[in-house]
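Here is what each chain is made of, one letter per residue.
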Amino acid sequence: MESLKETEMKNIISYIATIVLIGTNAICANKQTVPVLPDNFNQIVQEADKYQSGDSMESLRQIEALISKCKNNPQLRNEMETALETILNSNSTVEAKKFACQQLAIIGPVSSLNTLGRLSSVEITSGFACMAIVNSPSAEATAVLCAAYPEANLTAKIQIINAIGNRRDASAIPFLKQQLSDGQIVGFVLTALGKIGTKTATETIFEFKKQCQPSYINPVDDSLLLCAEKALIEQRRLDASSIYKEIFNDSVPAHIKRAAFLGLVKTDNDGGAGRIEATLTSADATLKAVAISLIPTIKGANISSRFSKLMTSLQPSEQALLIDALARRGDKDAIKTIEQLVDSQNNEVKYAAITALGNIGNVKHVKILVKALTEATNPQELRIVEQAISSLKGGKTIDLAIVSELKNASSTGKTRIINVLGRRYAVIAVDAILAEAVSADTATSRAAFKVLARLSSEKNLPQLVDALIQVKSPEAKADAESAVAAIIEKTQDKQACENLICERLEKATDTETRVSLINLLPVCGGRKALEMAKSAYSSADSTIKEAGIRAISEWQDISVWETLINIYTNPPSESYRVLALRGLTRLLSEENIRPDANLVSKYQQLFNGAKNINDKKLILGAMSGCNHPEALYLALEKINEPEIKLEAVAAVKKIATAIQQRYPREAAEALQKIK
Amino acid sequence: MKPQKKLSRRQFISRVSVAPLFPLVVRASTLGLNGAVAPSERITFGAIGIGNRARDILQNFLAFKELQLVALSDCRADRLKSGKEMIDNYYGNTDSKTYPDFRDLLAQKEIDAVFIATGNRWHALASIYAARAGKDIYCEKPVTLYIKEGRTLVETCKRYGTIYQAGTQRRSTASYKFAMEMVRQGKIGKLHTVEMQVWTGAAIRHEKSAPIPAGWNYDMWLGQTPWLPFVPGRVHNWPYFFDTGDGMMTDMGCHYTDQMQWVLGTDDTGPVEFECSGVFPDPKKYMSDTMITGVGKCKYANGVTGIMYQRRGFVDRYIKYIGDEGWIQVDDETDQVKAYPESILSLRSATGVSWANASDHIKNLLDCIKNRKQTLCNPEVAHRVNTICLALTISARLGRKLKWDPVKEQFDDEDANRMLYREPRAPWKV
């Protein structure tokens, strides 16, 4: 055994020789070739050699960059491998060695295998070294690992065994077989053999199983499962089958048994149908759910009808699973069985059947699903049936079939059917739903309007407005208003909406209807609508008057300014004044996207009419979004008023920050004042 | 026919034995009174990793009466202690058990499932160990550290019939579902581009190693990643280091690639081309090695292009579907949906949860644990989603465009193929 000093000398000589070799290669290179190694490559390698945490990683990145250029460049590849091996052989830091191994793992080491082999037997470097060896394209790599093994401690041995397994090299089987007697690593050896998975590896494991301690059976079976998978990939179905049969018994842990069962299904000639059927009729409850989960993918004729026949022999929870599995087959053979279970006394089965029909049913099933919908007695059931009907494929055909159930349904039924039509986005149902919107039953009417808000279009607007006029219940009227508003929002031709609403308002006689239509005036907008809103505000009827002021205060554009400012400054009541102010501040804040002196003068107008602190705070809040120097000055004035100082300061800050690029002096001065 | 005994839910999902867990004084909830679910019908969970994210989402878990959190594991003693306090406080007892080593938690037969909210380096590995131990799984995203690990995760879960839900919960949220439906219904015409955005990544300054804090099992913290000395800045900012996180394009980007895959209906496949470039931290000043800003593009075989931007701030993240007749966008911070034409928005119903509430996503898992169906974000889905992000960062690291075969799951580039895999540090194995 050589001394440490001798080893060090050898390393130094090897290092120097490598540097000389690299240099020589560079000199001898064809002068026409683009040089890839930088001139300071030696220095880079030396720096990388010393790397440890805290140091610059520049040399490491430079080496990585060169590694990435190794593709289709064997010369560079060799040079890089040589350089990296130098790092491994020298007194480099552990971190440097780790780095070198990671780079070798990318290019696939060949010439450095022996060095890597040596390092694989040392615990601290074993992981890095094996990282590189596993990726070696050389057939010698496995032998290198086996050779390193005797010198290794336990951790390094485990590392080596794992690496051998990951190389999946059958030549290692005799070596691995020898290690099975070592109790400390037998589990790892078994896994390695399993990964190799050849017939010989399988036989080795079986042989071991015959005489091993009971505590090893689980890892043995694990490794046999790996072998079975390999056998399947290599089309050795009988080999795989015999492995699974060996494992499949009640004494193994449940998940191993499950794995063996899944494997046997794969190897069965009939695609597992017989085995699954036998499982469903057995007393082995642990595998039934697994067995049922495989039914959707079994190939073959009459599968659905075959398993449908087993339905009544199963527990309810199992029936529910089987229903779902049959539905997932999408197979119409199963439908008859599932249809009958929609009325099951057991909720689990019933819900599964309803859900299944939603997935594979057709127009024939609309009637029974709607019946289930109208009869649902609890929220969970209702949700399930709604989902099922919503899912029924068939587009308009289904929608029309559902609509046909609407007429004769109870009030509760109608509400539910309408909701489902909404979920299906059944535009074809709009006329039918409109007819229900004027129902005397408030719940039905409300449901209808809510759905119409989504499904209607501008062509339905006249009927929708007429329905709003007809309904009497206040709640339904409110929903009708929302629906009409939603449609007006979607409509391009606002003028037509304005004409319609105004025309209906002129003819309306009862107060509630007039109020609803007045509420819709700001949604339409327009000159005529505004006149009608003003006219309402002038009414002697206080209810109409209030509707009028509300409509004016919700007006969408600044054309209402003069009307509102008059109400604000000459209010008939405090509540009207507040409404007007809210409307005015809203309008101004929407105008903030076009800040100018005129806008600020309007804010000033509002301040002039302010009666209390709340008014001023509201105005300041809106004005804080007005990015104009005049607004800044106006806000600055307000910091002298103690009750609103905080809000004024906040407004100054916001405006100044927003305008400081365009008006730096003004902004700076203002910010200085509020410091 | 012989009458079959009605089985409790626990037997139904194949537990082998039940160990007594509950105090001698039987609470009303134990008897299933007051609307509670009886213990024998509850799904018992263990939590692995009790950091900040775990605490957020555990609130959603605990709200389910059919679930009981009975054990916790963390490699930090301080987190284990405070995690136990939180759970015991909730249940009003001191029954929760703690395990510094998660393998001991997995060995408990009475635990049906686990919730994994460790650092990214542990997501797939802990899940694989959990699947091998027969547990069902909810695991935070991104689900893997490297692409081949994802495929191993898929195979392991398939092998054992494990029910697994990835924490890409936006598939269960109203705004994203609506956007998906609108795109699929053709409301924006033919989809041609999906834009996604995550925020600018951090650059972590150089720092020397330091002593490991008391109560930390640093070796366990590292897990499968290469050994490195304890450096506080590197440990606390692990998402920004290639060894432990792969950066924000993966960490957060996977939420949006998940949506893209879902909308396109490509859950079992993926793009065929990747190209990514970005700005990496200055190595003279910073030790972190993942992108700060960048642009990644991926192309699908059907011509759709995905573009992932890494730029701007945390609140600016979004996904936008652009078609030849309009677009629809979900702003992730506000959960607001914008669209052109705006009329699309009128089709949206008012109900549904936002992504911050993972309840529907957890419910999906709990239902699937009972019925053994695949979850919304099952391993194949989650792996494919993550593959897109990881492929983009591989492209950025190598500085070149890469072609990808989504069937073979290979690049047309040997060096890139070697980056699909990272050998785990012993004793961990995938």
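This text goes with the structure placed above it.
Throughout what follows, the structure given in this document is the object of discussion. Everything numeric here is computed off the predicted structure, so don't read it as measured data. Positions within a chain are numbered from 1, following the residues in the order the chain's sequence is written. All chains are assigned letters beginning with A, and all ligands numbers beginning with 1, in the order in which they are written. Reporting in this predicted model follows two pLDDT cut-offs: at least 70 for local features of residues, and 80 or more for side-chain atom pairs to be given and counted; totals over whole chains, interfaces and linings ignore these cut-offs and use all residues. Side-chain measures were taken over the full set of non-hydrogen atoms in the model, leaving aside hydrogen atoms and water.

1. Digging into the overall build of chain A
As a reminder of what qualifies: Elements are defined by DSSP. Helices are runs of H or I of four residues or more, strands are runs of E of two residues or more, and each kind is numbered from the N terminus. Only protein chains enter the accessibility calculation, which uses a 1.4 Å probe; a residue is then buried when its area is under 20% of its type maximum, exposed when over 50%, and partly exposed in between. We call two residues contacting when some pair of their heavy atoms lies within 4.5 Å. To measure how exposed things are, a 1.4 Å probe is used in the Shrake-Rupley method; for residues, cover is taken only from the protein chains shown.
Secondary structure summary: chain A contains 40 helices and zero strands in total. Counting only C-alpha atoms, chain A reaches 115 × 85 × 50 Å along its principal axes. When burial is assessed residue by residue, chain A has 54% of its 675 residues classed as buried. Long-range pairs, those at least 24 residues apart, make up 61% of the contacts in chain A between residues at least 6 apart in sequence. Summing over all exposed atoms, chain A offers an accessible surface of approximately 30,700 Å²; the carbon and sulfur share of this is 52%.

2. A few points about the overall build of chain B
Condition: Restricting the calculation to C-alpha atoms gives the radius of gyration, and the globule rule supplies 2.2 Å times the number of residues raised to the power 0.38.
Helix and strand counts for chain B stand at 14 helices and 15 strands. For 430 residues, the compact-globule estimate of 2.2 N^0.38 gives 22 Å, and the C-alpha radius of gyration of chain B, at 22 Å, lies within 12% of that figure. When the backbone C-alpha atoms are referred to their principal axes, chain B occupies close to 65 × 55 × 40 Å. Taking all 430 residues of chain B together, 63% fall into the buried category.

3. Observations regarding the environment of Y256(B)
Residue and element names in this part refer to chain B. Here Y256 is to be found in helix α11 (residues 253-264). Classification of Y256 as buried rests on a relative accessible area of 0%. Sequence separation between Y256 and N386 is 130 residues, and the spatial gap between their C-alpha atoms is 10 Å. When neighbours within four sequence positions are excluded, Y256 is seen to be in contact with R170, Y176, M196, Q197, V198, R317, Y318, I319 and D332.

4. Points about the environment of A447(A)
Residues and elements named next belong to chain A. Within the fold, A447 resides in helix α27 (residues 442-455). Residue classification places A447 among the buried residues on the basis of a relative accessible area of 5%. As for A447 and T415, which are separated by 32 residues in sequence, their C-alpha atoms are 5.8 Å apart. Ignoring anything within four residues of it in the chain, the contact list for A447 reads T415, I418 and N419.

5. What to know about the sheet that holds strand β9 (residues 293-299) of chain B
Residue and element names in this part refer to chain B. In plain terms, the rule: Pairing between strands is defined by DSSP: at least two bridges between them are needed. Axes here mean lines fitted to C-alpha atoms, for a helix over just the part in contact, with angles spanning 0 to 180 degrees between N-to-C directions.
Here nine strands make up an open sheet; going across it, the order is β13-β12-β11-β7-β10-β9-β8-β14-β15 and the pairing mixed. Across the chains shown, the open sheet's two edge strands, defined by having one partner strand only, are β13 (336-340) and β15 (410-411). Examined bridge by bridge, strand β7 (residues 191-198) and strand β10 (residues 305-310) share six bridges and lie parallel to one another. Opposite M196, over in β10, you have M308 as the bridge partner. Lying on the sheet, helix α7 (residues 174-184) is in contact with β7, β11 (318-323), β12 (327-331) and β13; it crosses β12 at an angle near 170°. Its contacts with the sheet place α11 against β7, β9, β10 and β11, and it is angled at close to 165° to β7.

6. Describing the pairing of β7(B)
Successive side chains on a regular strand alternate, one facing one side of the sheet and the next facing the other. Residue and element names in this part refer to chain B. Burial within β7 is extensive, with seven of its eight residues counted as buried. Pairing between β7 and β11: six bridges, direction antiparallel. Note on β11: the bridge partner recorded for M196 is I319.

7. As for the pattern of salt bridges
In a structure, side chains of opposite charge can pair up when their charged atoms sit close to one another. All names here are of chain B. Our working definition: Salt bridges are defined as contacts in which a side-chain nitrogen from Lys or Arg sits within 4 Å of a carboxyl oxygen from Asp or Glu.
This structure, assessed with the given rule, holds 69 salt bridges over all chains. Note that R151 and E380 form a salt bridge whose closest N and O atoms lie 2.9 Å from each other. Residue R151 is located in helix α6 (residues 147-160), and its partner E380 is located in helix α13 (residues 379-398); the two are separated by 229 residues in the primary sequence. Residue R151 shares its accessibility class with E380, and that shared class is buried. One salt bridge connects D332 with R317, and the closest N-O pair in it is separated by 3.0 Å. Taken together, the residues D332 in the loop between β12 and β13 and R317 in the loop between β10 and β11 connect sequence positions 15 residues apart. Here D332 and R317 have matching classes, each one buried.

Shape descriptors only; they carry no functional weight alone.
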